[in-house]
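# Understanding the architecture of this molecule
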Amino acid sequence: MDLNSLFNVKDKIVLVTGGSRGIGLMIATGFIANGAKVYISSRSKETCDKVAKELSDKGPGKAVSIPADLQHLNEVKRLANEIKEREGKLHVLINNAGGNWSAPIASYPDEAFEKAASPKDPARVINIGSIDGMTTPFSETYAYSTSKAALHHLTKVMAGQLSNRQITFNNIAPGPYQSKMTEKTFKDLGEKLFSNVPLGRIGAAEDIAGTAIYLSSKAGAFTNGATITVDGGMSSRPNNSKL
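In this text, all values refer to a predicted model and were calculated from it rather than measured experimentally.

### Brief notes about the overall build of the chain
A tally of helices and strands in the chain yields ten helices and seven strands. Across the 243 residues in the chain, those meeting the buried criterion constitute 50%.

This is how it looks when you write it as structure tokens:
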């Protein structure tokens, strides 16, 4: 059993929505560092183009910018069609942006998946959830935590209903990571937040990217319908709502 082959994602075609910053950027960086071709999508063309160039310059993989506002269905369809026209296949979808991708997956041509997948190495859909969707959050994030819980359950439903197309569906549920979205939380809570993580630190790029690479490699080919927490043990700690 060769570890280099087991965790290899070289030459895989990956789409990371919301890939120009935060957790999406961390994941995109990890795939490109391991030789994948990564399409990065976000609302800002300027930011998307800039990030794609910077990541491509670092190599050895390649980053391609496809700006899209996934709050609008027509933009979701346009992005899916652009991937289809450019590649005809997609090995890994990292659903990190706020919009849900169940409709595009259902409408994507079966023959496109057949070109990108096999029983031993299926195509992958990885939804980025949150530990707030698994526990009672310490702040009043009603819509956020509820939508993440729904995403976790939707992923299990998709795994049960759609995996016969040789696609796996899994969630990553991050804890605290540095991003634009978490800036205010980190500022308000500071050391209180860090002290509530048993490992005593926030997540690093390697933590989240490594989990995504595992799920996308042969090592993760039989993991399906799972929610993997990457939170330093924060969701396991009792009374984590004390913040």
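### As for the sheet that holds strand 1 (residues 13–17)
Strand order in the open sheet made by the seven strands is 3-2-1-4-5-6-7, with parallel pairing throughout. The open sheet has two edge strands, strand 3 (62–65) and strand 7 (227–230), and neither has a second partner. Direction aside, neighbouring strands of the sheet carry axes that sit 20 degrees apart on average. Two strands pair when backbone bridges link them, and strand 2 (residues 37–41) and strand 3 are joined in this way by four bridges, in the parallel orientation. Across the sheet, residue Lys37 finds its bridge partner in strand 3, namely Lys62. Strand contacts of helix 2 (residues 22–33): strand 1, strand 2, strand 3, strand 4 (92–95), strand 5 (123–128) and strand 6 (167–174), with the helix running at about 165 degrees to strand 2, the strand carrying the most contacts. Contacting strand 4, strand 5, strand 6 and strand 7, helix 7 (residues 142–162) crosses the sheet at an angle of about 160 degrees to strand 6.

### Quick word on unusual backbone geometry
For the bond from Gly59 to Pro60, the omega torsion is -5 degrees, close enough to zero to count as cis. Within the secondary structure, Pro60 is located in the loop between helix 3 (45–58) and strand 3. Even without being a glycine, Asp11 presents a positive backbone phi close to 70 degrees. By secondary structure assignment, the location of Asp11 is in the loop between helix 1 (3–6) and strand 1.

### Things to note about the confidence of the model for the chain
Taken as a whole, the chain shows an average pLDDT of 88; of its residues, 88% reach a score of 70 or greater. In this model residues 99–105 is a low-confidence stretch, pLDDT under 50, and it forms 20 contacts with partners more than four residues away in sequence or in other chains.

### Side note on the pairing of strand 1
Among the five residues of strand 1, five are classified as buried, and the element is accordingly described as predominantly covered. Burial along strand 1 is two-sided: Ile13, Leu15 and Thr17 and Val14 and Val16, pointing in opposite directions, are all buried. Pairing analysis gives five bridges linking strand 1 to strand 2, with the strands arranged parallel. Bridge assignment links Thr17 to a residue of strand 2, and that residue is Ser41.

Rules used in this analysis
Residues numbered from 1 in each chain as written. Predicted model: local features only at pLDDT ≥ 70, side-chain atom pairs only at ≥ 80, totals over all residues. Heavy atoms only, no water. Helix = DSSP H or I, 4+ residues; strand = E, 2+ residues; numbered from the N terminus. Buried < 20%, exposed > 50% of the residue type's maximum accessible area, 1.4 Å probe, protein only. Pairing = 2+ DSSP bridges. Axes fitted to C-alpha atoms, helices over the stretch in contact; angles between N-to-C directions. Contact = heavy atoms within 4.5 Å. pLDDT = per-residue confidence, 0-100.

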